[in-house]
Each structure stands twice: as structure tokens, then as C-alpha cells.
Amino acid sequence: MAESAEGLSFADQLSLRPLGKDAHGKDTFETLHPPTTLGNPANIAYGGYALATICKSAYLTVPAGYHLYSLLGHYLGPAFADGPLYATVRTVRQTRSFATREIEISQKRNGVERVCLIAIADFHVKEPASLIEFSKPPSMKYRHYNDLPKQSEVHLKLLEDGKITRELLDAHEKTFGLLKNLYEQRPCPESVFPQNLFGMAKELPTTQDHLPTTSKTNADWFRSVEPLSTPADNMANLTFIIDAAIAFLPLSFNRMWFDDMAVCSSLDFSLRFFKSGDEVDMGKWHLREMKTAVASEARNYGESWVWDEHGRAVACMSQQSILRPKAGGKGKL
């Protein structure tokens, strides 16, 4: 079995081995390391690994000067944390201005290969000028990262104030600890997660309790803990983190957690980039805001937006996710 990715830098975790072209002329790649878990107590890998692998493998098949602006796809099944991922990339379009790639992410288990994720990636050569530029702002004014403690300090303060137990904090670290090795995060105190430990401390009140679910927000400032030298790695790094937490926002915003539901998992995604890869530096601070808009038919829809320090929109991801109640029960979302 390949060496675990746990404890490695982001660039090392997302290292890809080219396998050449398959019988149909498609470019193929293999991750050097199996993905790891995040936000799931089972042996299910964090979906951001598959998304980042799609992003990076597609980048490796386009000429220099083409920048990813759209990544659309569907999760077809979970990847597991006990084997590498495989990417198969088909060239759909290659013009002087645009490049389109179709990517499948698969995994082999017990001698059987199954597709976990399928996506379409579109690249655009940078235009010499824009006719007009603008972008929407965050939903509220959040405090600047210079005034904020690290996420670990926020959580420790909850413990010191007697709002959470050591057992609950340890459970959170076990579930979400991967991100602290890859990113420095500073939660915005106006938002939900720093007040209720991502929703795990569901009995704790928050300053947004009076708002309807669709008006609640979670926001944080974040940056990569390591410098990333290529557009492919910077965009893959952004892809990796923007996927996090969207699926379970309805739980966190409604005093519910994983023990209140049967299944919570992303089904599809639409990721748009508004800045070219050569302008995205994940070593610099970015603001992320997450909201949820709809929960119906055992599914929910949410969005995550990212801005740079100057308030310019860098990317947004929308997702629809499965959110099944336990047998005989129905959550009030």
C-alpha cells in the first residue's frame, strides 16, 4: 500500500504520477499517497482530495497560459482512505482561447475499479483587458484577520470557559484535525462555527440564533501554511478547502449534528474561479463565507464564497448534498 498522506505537505499529498495514455488516448495519473479522512468518522476520504486531484490532473494536460475558470461535476460514490486515486483525463476541446477536459476519478479496491467522481473542467487563456469589473461583497462586515486568534485558540477558549468538554474538543480534533496541518485559519467571531464548535456543541447559543437558517453564515480567514509555487498547486489548494463543510451547514445552523441524521454527503458541485491561476496565491489571506439556501427532498443546497484580502471575489462553490434523516425521524430544517 502507498504511504499515507497524513503529515505531509499539501504539495506532497497531491503529488501525481503520470501513467501515460490509456488505450483510448486519455491521459492517466495516480496519486502517490492515499487520501485521508476529514469530517467523517468512517474510513471515507475527504471529498476535497478527489476535487483537488481533478483540478491538478486537468492542469497537467493543458498548455501554459490556460487558466481554470470552471469545474463542474458529480460525486458518484465515496473514495476510501486506504488506496490511491486514479485520474483519467480526456481532451474535449483545445482552441487558442479555451481548453475543455473531462476527468474521472476512480479507486481500485479488492481488484475492482470504481469511478468516484466525474467532472468537466474549462480553461481560458487570459484576456488582455476586461470591459468592466465588479464582485459581490460578503453578507456582513467581518473582523479583519489581524484582530483574530487562531482557530485552535478559539476552541481552547471554549474549553477554558467550560462551554465544551475535553472529550468533545478531542473528538473535534480527530474529525477535523487535517485542515490545521495545511491551513492557518482564523474564525470570524460573528459567525456560527466558532460559537458552537462547527455545530458539535449544539446546545451552545450563538449570536445568529434569531436569524432564519438561510440568513445564517459561517466565515473565516485562511491561508496555506506552505508556499505553493505553481498555479496548479495554488488552484488545487483552493479547491481542496472550498469544498469543506458545505454539506453539513444545515446541521450546524440548526442545533443538530451527525448523530441526528443517517447520511450527509455531497452529490454535485459547481466551482467557479474569478481570478486566473497566476493571480491566486494561497499563501496570502483569504476570506471564506458559507451559507445554505434550501433543504428539501432529503437534499440541501449551499454555497461557499472566497474573497482575497482586497475584497475581490476569487471563487465560489455551490453544492447539492444528500441529508437523510434517521429511520422513523425527520429533521426540522
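Residues numbered from 1 in each chain as written. Predicted model: local features only at pLDDT ≥ 70, side-chain atom pairs only at ≥ 80, totals over all residues. Heavy atoms only, no water.

Just checking my understanding: could you explain the overall build of the protein for this structure?
In terms of regular secondary structure, the protein is built from 7 helices and 12 strands. Compactness check: the protein gives a C-alpha radius of gyration of 20 Å against a globular reference of 20 Å for 333 residues, within 12% of the reference. Overall size of the protein, expressed as C-alpha extent along the three principal axes, is 60 × 50 × 40 Å. For the protein, the proportion of contacts with a sequence separation of at least 24, taken over those separated by at least 6, is 73%. Here the protein displays about 15,600 Å² of accessible surface, and carbon together with sulfur accounts for 52% of that area. For the protein, the distance from the average position of its 37 positive side-chain charges to the average position of its 39 negative side-chain charges is 4 Å. (Helix = DSSP H or I, 4+ residues; strand = E, 2+ residues; numbered from the N terminus. Rg over C-alpha atoms; globule rule 2.2 N^0.38 Å. Contact = heavy atoms within 4.5 Å. Areas by Shrake-Rupley, 256 points an atom, 1.4 Å probe, with all protein chains shown as cover. Lys, Arg positive; Asp, Glu negative; His and termini not counted. Charge placed at Lys NZ, Arg CZ, Asp CG, Glu CD.)

Honestly, the UniProt feature "domain: Acyl-CoA thioesterase-like C-terminal" (unreviewed entry) in the protein in this entry has me stumped. Any pointers?
Taking the UniProt record as the reference, the feature "domain: Acyl-CoA thioesterase-like C-terminal" (unreviewed entry) is found at residues 210-322. Helix makes up 14% of residues 210-322 and strand 45%. Its end C-alpha atoms lie 26 Å apart. (UniProt positions renumbered as here; feature names shortened; annotations may be inferred.)

Is there a simple way to explain a nonpolar patch on the surface in this structure?
Where nonpolar side chains cluster on the molecular surface, the patch consists of Leu131, Ile132 and Phe134 and spans about 480 Å² of accessible area. The topology assignment puts phenylalanine 134 in the loop between strand E6 (112-125) and helix H3 (151-160). According to the relative accessible area criterion, phenylalanine 134 is exposed, its value standing at 74%. (Patch = residues over 30% accessible without salt bridge, like charges linked within 9 Å, V, L, I, M, F, W, Y side chains within 5 Å. Salt bridge = Lys/Arg side-chain N within 4 Å of Asp/Glu carboxyl O. Buried < 20%, exposed > 50% of the residue type's maximum accessible area, 1.4 Å probe, protein only.)

I'm lost on the nonpolar core in this one. Help?
Soluble globular proteins tend to pack their nonpolar side chains together in the buried interior. By size, the foremost hydrophobic cluster in this structure holds 81 residues, and its most contacted members are Phe123, Phe193, Leu238, Phe240 and Phe248. Looking at this core, the element that brings in the most residues is helix H2 (residues 47-59), giving 8 residues. Once residues within four sequence positions are removed from consideration, phenylalanine 193 is found in contact with Phe198, Asn218, Ala245, Phe248, Leu249, Ser252, Phe253 and Met290. Counting 12 residues, the second largest nonpolar core, distinct from the first, contains Tyr145, Ala219, Trp305 and Ala313. (Core = buried A, V, L, I, M, F, W, Y, C linked by side-chain atoms within 4.5 Å.)

Where do I start with unusual backbone geometry in this structure?
Working note: non-glycine residues mostly have negative phi, and peptide bonds are mostly trans. Its identity as a non-glycine residue notwithstanding, alanine 245 has a phi of 80°, on the positive side. Within the fold, alanine 245 resides in the loop between helix H6 (231-242) and helix H7 (249-252). Backbone geometry places arginine 255, a non-glycine residue, at a positive phi of 55°. Position of arginine 255 among the secondary structure elements: in the loop between H7 and strand E9 (261-273).

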